[in-house]
Every structure is written in C-alpha cells, then in structure tokens.
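Read off the chains here:
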Amino acid sequence: MLTTLIYKSQLNPSCKSISLLTLVEKARKNNTALDVTGILLFNGHDFLQILEGSEEVIETLFAKIGQDKRHDSVVELMRDYGPRRRFENVGMLLFDLRIDTPKSVLSSVLRYSKLDNYLAAEDRVFKFIQTFITQPRRTSGGSQFRPERWTLAAEHNPFGDAIAGLIDNQVCQFALQPIVQPTEGKISSLEALIRSNDGGSPERFFSTLDQDKVYEVDLLTKAYAFALAEKIGIGDHKIAINLLPMSLVNVPGAVDFLMDQILAHRLQPEQVVIEVTENEMISGFNQFNSAIKQLRAAGIGLAIDDFGSGYAGLSLLTRFQPDKLKIDREIVSNIHLSGPKQAIVKSIISCCTDMEIALVAEGIEKIEEWCWLESAGIRRFQGFLFARPKLNGVGEIHWPHFHHA
Ligand SMILES: Cc1cc2nc3c(=O)[nH]c(=O)nc-3n(C[C@H](O)[C@H](O)[C@H](O)COP(=O)(O)O)c2cc1C
C-alpha cells in the first residue's frame with residue numbers, strides 16, 4: 001500500500017562534519033532501487049523528511065534512518081496512505097535552506113510535486129513542508145533535558161521499612177507507588193493501589209467479589225489505605241486513592257464514612273486525593289455531581305485518572321475541573337518519538353495551565369519520555385522509571401541526576 005511518512009529530526013551536535021551530499025547521493029541510489037521518494041529539507045539544525053513508497057519498505061527504511069547517528073530526536077509527524085504519490089519518483093532530493101531562500105525552496109518543492117497547487121494548499125503533507133520552510137530557524141540550546149545527560153540513582157526505603165508483605169485479616173491489600181517531582185527531588189504524593197490478598201491486580205480482586213457488593217467493598221477498603229498511610233508515617237505527603245464514583249452514590253453515608261476514616265487515621269482531608277477515571281467520571285457524571293460537591297466541601301482533592309484513554313477528552317474539562325489530572329500511559333508511552341502525541345500533550349498542558357490544574361504523567365518507563373515531558377513543562381511523574389508499587393510500603397525511588405557535558 002502506498003505510504004507517506006513524515007518525520008523531523010535534529011542534526012547530531014556531536015556530528016561536526018556531516019557530508020550531506022554524500023548522504024544524499026547514497027540515499028538516492030538506495031531509494032531509487034527501493035522505489036522510494038525521499039524529500040529531505042535541512043535548515044542547518046533540523047531535518048524534515050517525506051518518504052513515499054510501499055508500506056513495508058518505508059517501515060524498514062524509517063527504522064534504519066531512526067538509528068542513524070548523524071541525527072537524533074527523530075519524531076514521526078505523520079503516516080498516511082494515498083492513491084498516488086505526491087512527488088515524482090526522484091529517489092532523494094535535498095532542499096537546503098542555508099543555501100536557498102524559503103520562497104525558492106517552496107517553489108522548487110512544488111515543482112517536483114504531482115499535486116495541483118490548489119490541492120497542495122489543503123494537503124497536510126504540504127502544510128508540514130510549508131511550516132518547516134517558513135518557521136524561524138532554531139538555534140541549538142535547551143540541552144538540559146537531553147536524555148544522555150541524566151542517570152538515575154536509587155534512594156532506599158524513603159519511609160523506612162515499617163511493614164512489608166501481606167497484612168493479615170484484610171479483604172485486600174494495598175501497594176503504594178510514589179508520584180514524584182524529580183527536578184525538586186520531592187515526593188508529590190503516594191498512590192494506594194488495591195491488590196488481592198495474594199498480591200494480584202485490582203481486576204483480580206474485584207472479580208472475586210459479589211457483584212452487588214462491589215461498591216460497598218470498594219468504599220470500605222479505603223479504610224485500609226488510610227491505615228497504611230498512618231502506619232508508614234506519610235507525614236504531610238498526600239495519599240491518592242482510586243474510587244468508583246458510583247460507590248459514593250450507591251452507598252449511603254459514603255462521604256461521612258471516608259471523612260471518619262481519614263480523621264481516625266490522623267490524616268487531614270486536604271491530604272487525600274480521590275482519583276476517578278475519565279470514563280467513570282463521564283458515565284456517572286450527573287449522579288456523581290452531588291458527591292463531588294460534598295467531597296470538595298470536606299476539603300478532599302479530586303483527580304481525573306487515565307485522562308485521554310476514554311471518549312470524553314477535553315470536553316470533560318468544560319463540565320468539571322479537578323485539582324489534578326493524570327495523563328494516560330498510552331499517550332505518554334514513547335512520546336519522544338511521536339509528533340501527534342506531543343501535540344496532544346502540549347494542548348493538555350496549555351489547557352491545564354490556564355485552569356491551574358496540576359498535571360501528572362503516568363506510566364513513565366523511559367528517561368527519554370521523562371526528558372520530553374519535563375522540557376514541555378510537566379513536573380509530576382509516576383512510573384516504573386522512578387518507582388514501582390510496593391505491597392504495604394514504599395519501594396526504592398530512582399532520582400535523576402544531571403551530568404554536565
Ligand atoms: C536525515 C537523514 C535522512 C536519510 N534518508 C535516507 C533515505 O531516504 N534513504 C536511505 O537509503 N538512507 C537515508 N539515510 C541514511 C540511512 O540512515 C542509512 O545510513 C542508509 O540507509 C545506509 O544504510 P546501509 O549502508 O546499512 O544500507 C538518511 C540519514 C539521515 C541522517
């Protein structure tokens with residue numbers, strides 16, 4: 001299937017004397033043999049390349065190009081399918097903005113195009129090209145969050161090893177996972193994750209319950225989470241718990257129960273954050289609304305969990321603004337490689353900044369993901385990269401350390 005792929009990248013700063021002409025000459029021969037067109041634009045710092053050809057060939061070639069040490073920060077911007085090529089089958093063409101003016105580069109790109117000008121004006125591929133050509137040239141800099149500058153070092157037992165393993169006489173257990181502010185070396189909060197009595201997943205625990213008891217048990221188990229917070233001595237850290245919103249609606253006196261348990265375990269209501277997933281929030285919104293008011297009136301914080309995984313998206317924020325919003329792991333995963341993910345997260349950051357909603361990126365596993373998100377302005381992170389959940393305790397936290405070049 002005819003595929004168009006666009007990516008951008010940066011000339012590797014350690015690659016002093018790139019011989020672009022040699023690269024292009026070799027690539028032209030290779031592309032011609034593969035029936036691929038590679039339109040390459042370069043402005044002295046950044047590359048933008050459009051690759052057109054059959055899907056499998058483009059896939060393999062892009063994987064190879066992505067490994068090329070002559071450039072880095074390779075970000076896929078677009079992948080699309082079409083009935084015909086946008087460009088002549090020219091193998092490889094280089095357009096160098098250091099040599100030609102933006103206007104002449106744009107007109108020569110259009111000359112090689114097979115699309116009529118009026119169609120090109122509406123075409124996303126040409127819009128990417130036009131934006132690249134006309135955008136002001138960036139100088140290098142902002143190197144603080146280059147992944148190679150950071151290593152992680154473990155802090156052991158941040159809360160001591162008060163309890164570990166399973167606690168007897170409970171219907172479930174909790175594992176704690178810190179949410180951290182790495183550049184400040186600060187724990188932002190601890191999320192209490194429910195586990196079955198053999199340490200199994202939340203799904204496993206809930207599947208063992210009588211379906212008509214789910215909400216009641218969901219609510220009652222929060223007492224164990226607060227007890228755990230007290231036992232390990234969370235001090236003035238926050239504790240985040242997950243709650244099915246319908247537990248607040250269906251169980252009479254639910255908010256009073258939560259308040260009693262919070263106070264019984266020597267916590268402040270302001271230390272407690274209730275996390276509700278985007279989907280649960282939207283499906284039960286009208287019934288849940290009055291419970292939200294009660295929680296807020298009591299001083300308990302609210303967070304939207306897994307934001308971006310459901311169908312509500314930004315429109316949910318027009319109806320309800322939480323204190324905290326957690327960006328779903330699907331969006332965060334490999335964000336350093338994906339232009340669409342980056343655009344979406346930038347828009348979430350912009351909305352939440354305007355609404356003073358704190359953002360957490362969840363599911364961080366790679367230092368590259370953290371570096372991109374930190375430089376985009378996110379400060380709170382949760383994920384295996386920094387800390388794994390630990391049953392009835394807080395495990396090692398891996399803090400990033402900066403190395404000067
Ligand atoms: C910005 C940039 C664009 C590239 N574009 C192509 C291309 O379109 N086709 C190609 O064969 N190689 C391209 N290369 C080079 C490949 O990364 C790789 O070096 C090349 O495919 C030769 O690999 P081989 O010697 O293993 O066959 C590009 C490299 C860079 C840095």
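Residues numbered from 1 in each chain as written. Predicted model: local features only at pLDDT ≥ 70, side-chain atom pairs only at ≥ 80, totals over all residues. Heavy atoms only, no water.

Here's the deal with the overall build of the chain
Turning to step 1, where the next piece is worked out: Broken down by element type, the chain carries 15 helices and 17 strands.
Turning to step 2, where the next piece is worked out: Overall, the C-alpha framework of the chain stretches about 75 × 45 × 35 Å when taken along its three principal axes.
Turning to step 3, where the next piece is worked out: By the burial criterion, 50% of the 405 residues in the chain qualify as buried.
Turning to step 4, where the next piece is worked out: Of the contacts made within the chain by residues no fewer than 6 positions apart, 73% connect residues no fewer than 24 positions apart.
Turning to step 5, where the next piece is worked out: Accessible surface computed for the chain: about 19,500 Å², of which carbon and sulfur atoms make up 51%.
Turning to step 6, where the next piece is worked out: The average position of the 43 basic charges and that of the 50 acidic charges among the side chains of the chain differ by 8 Å. (Helix = DSSP H or I, 4+ residues; strand = E, 2+ residues; numbered from the N terminus. Buried < 20%, exposed > 50% of the residue type's maximum accessible area, 1.4 Å probe, protein only. Contact = heavy atoms within 4.5 Å. Areas by Shrake-Rupley, 256 points an atom, 1.4 Å probe, with all protein chains shown as cover. Lys, Arg positive; Asp, Glu negative; His and termini not counted. Charge placed at Lys NZ, Arg CZ, Asp CG, Glu CD.)

Thoughts on the domain arrangement of the chain
One frequently used descriptor of interface size is the decrease in accessible area upon assembly of the parts.
Turning to step 1, where the next piece is worked out: Partitioning the chain into domains gives domain 1 (2–141) and domain 2 (147–402).
Turning to step 2, where the next piece is worked out: For domain 1 versus domain 2, the separation of C-alpha centres amounts to 42 Å.
Turning to step 3, where the next piece is worked out: In this assembly, five residues from domain 1 lie in contact with six residues from domain 2.
Turning to step 4, where the next piece is worked out: Here domain 1 packs against domain 2, burying approximately 330 Å² in sum over the two surfaces, 43% of which is carbon and sulfur. (Domains from an automatic or database assignment. Buried area = accessible area lost by both parts, 1.4 Å probe.)

Observations regarding the site of the ligand
Turning to step 1, where the next piece is worked out: Within the structure, the ligand sits among 17 residues, and Asn30, Asn31, Gln49, Asp68 and Arg70 are positioned closest to it.
Turning to step 2, where the next piece is worked out: Contact between the ligand and Asn31: a nitrogen atom at 2.8 Å from a side-chain N or O atom of the residue.
Turning to step 3, where the next piece is worked out: A distance of 3.2 Å is found between an oxygen atom of the ligand and a side-chain nitrogen or oxygen belonging to Lys64.
Turning to step 4, where the next piece is worked out: Here the ligand has 620 Å² of accessible area as a free molecule, and 80% of this is covered by the chains.
Turning to step 5, where the next piece is worked out: Contributions of two or more residues to the shell around the ligand are made by α1 (20–34), β3 (46–54) and α2 (55–66).
Turning to step 6, where the next piece is worked out: The element that contributes the greatest number of residues to the shell around the ligand is α1, accounting for five residues.
Turning to step 7, where the next piece is worked out: Residues belonging to the shell around the ligand are distributed by class as follows: nine nonpolar, four polar and four charged. (Near = heavy atom within 4 Å. Polar contact = N/O pair within 3.5 Å; in protein donor to acceptor, adjacent residues only side chain to side chain. Nonpolar A, V, L, I, M, F, W, Y, C, P; charged D, E, K, R; others polar.)

Some details on the environment of Ala192
Turning to step 1, where the next piece is worked out: Within the secondary structure layout, Ala192 lies in strand β8 (residues 186–195).
Turning to step 2, where the next piece is worked out: The exposure class assigned to Ala192 is buried, which follows from its relative accessible area of 2%.
Turning to step 3, where the next piece is worked out: Separated by 13 residues in sequence, Ala192 and Ile179 have C-alpha atoms that sit 11 Å apart.
Turning to step 4, where the next piece is worked out: Ignoring any residue separated from it by four or fewer positions in sequence, one finds Ala192 in contact with Phe174, Ala175, Leu176, Ala225, Ile239, Ala240, Ile241 and Asn242.

Structural notes on helix α3 (residues 102–112)
Residue pairs spaced three or four apart in an α-helix point in one direction, given the helix's 3.6 residues per turn.
Turning to step 1, where the next piece is worked out: Within the span of α3, buried status applies to Val105, Ser108 and Val109. Take α3 and look down its axis: the buried residues cluster within an arc of 105°, on one side only. Projecting away from the buried face of α3 at angles above 90 degrees are the exposed residues Lys103 and Arg111.
Turning to step 2, where the next piece is worked out: Against β2 (37–42), β5 (92–96) and α5 (124–134) lie the buried residues of α3. (Arc of directions from axis to C-beta.)

With respect to the side chain of Ser9
Turning to step 1, where the next piece is worked out: Among the secondary structure elements, Ser9 is positioned in strand β1 (residues 2–11).
Turning to step 2, where the next piece is worked out: Residue Ser9 is classed as buried on the basis of its relative accessible area, which comes to 2%.
Turning to step 3, where the next piece is worked out: A distance of 2.8 Å separates a polar atom in the side chain of Ser9 from a polar atom in the side chain of His71.
Turning to step 4, where the next piece is worked out: If we ignore the near neighbours within four places in the chain, the residues touching Ser9 are His45, Asp46, Phe47, His71, Asp72, Ser73 and Val74.

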